[in-house]
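Okay, here's what each chain looks like letter by letter:
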Amino acid sequence: EEALETLTEAFGYAVEAADPVIAVCLLGKAAAIQAQLGDVQEALEHLEMARTLSTTHELDGLLAMIYNLYAHLLAKNEEVDKAVQYAERALESARASDPRDFSLE
């Protein structure tokens, strides 16, 4: 839970700095932690926020990561059909992404 507090604080800074890449990454991490703690609904809410930000800012590479997290979470909760759909979306988004969008140069 301490990690979630830290992520929440960092998310606030990312929002203030108008940095959607960092915000999406933090939401993804928060969702993964929530899932490990067994709070699936909260994890799904974080993933939905991350999906919305990724879509709004056309961050296809990050959208692929978010869809992959959805697929993993749904598969763990035995929602296999939905998990497959999100895995397919992850692949589509990854194919649409441009690796140069995430270059540190």
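What counts and what doesn't
Residues numbered from 1 in each chain as written. Predicted model: local features only at pLDDT ≥ 70, side-chain atom pairs only at ≥ 80, totals over all residues. Heavy atoms only, no water. Helix = DSSP H or I, 4+ residues; strand = E, 2+ residues; numbered from the N terminus. Buried < 20%, exposed > 50% of the residue type's maximum accessible area, 1.4 Å probe, protein only. Contact = heavy atoms within 4.5 Å. Areas by Shrake-Rupley, 256 points an atom, 1.4 Å probe, with all protein chains shown as cover. Core = buried A, V, L, I, M, F, W, Y, C linked by side-chain atoms within 4.5 Å. Phe/Tyr/Trp six-rings, centres within 6.5 Å; stacked < 30°, edge-to-face > 60°. Lys NZ or Arg CZ within 6 Å of the ring centre and 35° of its normal. Expected span 1.5 Å × (residues − 1).

**Digging into the overall build of the protein chain**
Part 1 of the argument: Scanning the protein chain from N- to C-terminus turns up five helices and zero strands.
Part 2 of the argument: In the protein chain, the succession of α and β elements from N to C terminus is α-α-α-α-α.
Part 3 of the argument: The proportion of buried residues among the 105 residues of the protein chain is 30%.
Part 4 of the argument: Taking contacts inside the protein chain between residues at least 6 apart in sequence as the whole, the part at least 24 apart equals 48%.
Part 5 of the argument: As displayed, the protein chain has an accessible area near 6,900 Å², and 52% of this comes from carbon and sulfur atoms.

**Brief notes about the nonpolar core**
Part 1 of the argument: Of all hydrophobic cores here, the largest spans 18 residues; its most connected members are Val 24, Leu 47, Ala 50, Ile 66, Tyr 67, Tyr 70 and Tyr 86.
Part 2 of the argument: When near neighbours in sequence (up to four residues on either side) are disregarded, Ala 50 contacts Val 24, Leu 27 and Ile 66.

**A closer look at the environment of Leu 47**
Part 1 of the argument: Along the polypeptide, Leu 47 turns up in helix α3 (residues 40–56).
Part 2 of the argument: Not counting the four nearest positions on each side in its chain, Leu 47 is found in contact with Ala 31, Ile 66, Leu 69, Tyr 70 and Leu 73.

**Focus: the packing of aromatic side chains**
Part 1 of the argument: Under the counting rule described, the total for this entry stands at three aromatic pairs.
Part 2 of the argument: A connected cluster of aromatic rings, assembled from ring pairs, spans Tyr 67, Tyr 70 and Tyr 86.
Part 3 of the argument: The ring centre of Tyr 67 lies 5.9 Å from the NZ or CZ of Arg 89, which sits over that ring.
Part 4 of the argument: The residue whose ring lies beneath Arg 89 is Tyr 86, and the NZ or CZ to ring-centre distance is 4.7 Å.

**Observations regarding helix α4 (residues 60–76)**
Part 1 of the argument: With 17 residues, α4 should reach 24 Å at 1.5 Å per residue; the first-to-last C-alpha distance of 24 Å fits that figure.
Part 2 of the argument: For α4, every residue scored as buried is listed here: Leu 62, Leu 63, Ala 64, Ile 66, Tyr 67, Tyr 70, Ala 71, Leu 73 and Leu 74.
Part 3 of the argument: Residues of α4 that are buried in the fold lie against α2 (20–36), α3 and α5 (80–96).
Part 4 of the argument: Phi turns positive one or two residues past the end of α4, at Glu 78, with a value near 60°.

**Section: unusual backbone geometry**
Part 1 of the argument: Of note, Glu 58 is a non-glycine position whose phi angle comes to about 50°, a positive value.
Part 2 of the argument: With respect to the secondary-structure elements, Glu 58 resides in the loop between α3 and α4.
Part 3 of the argument: The phi angle at Glu 78 is positive, at roughly 60°, despite the residue not being glycine.
Part 4 of the argument: Among the secondary structure elements, Glu 78 is positioned in the loop between α4 and α5.
Part 5 of the argument: Of the residues examined, Glu 78 reaches a relative accessible area of 72% and is grouped as exposed.

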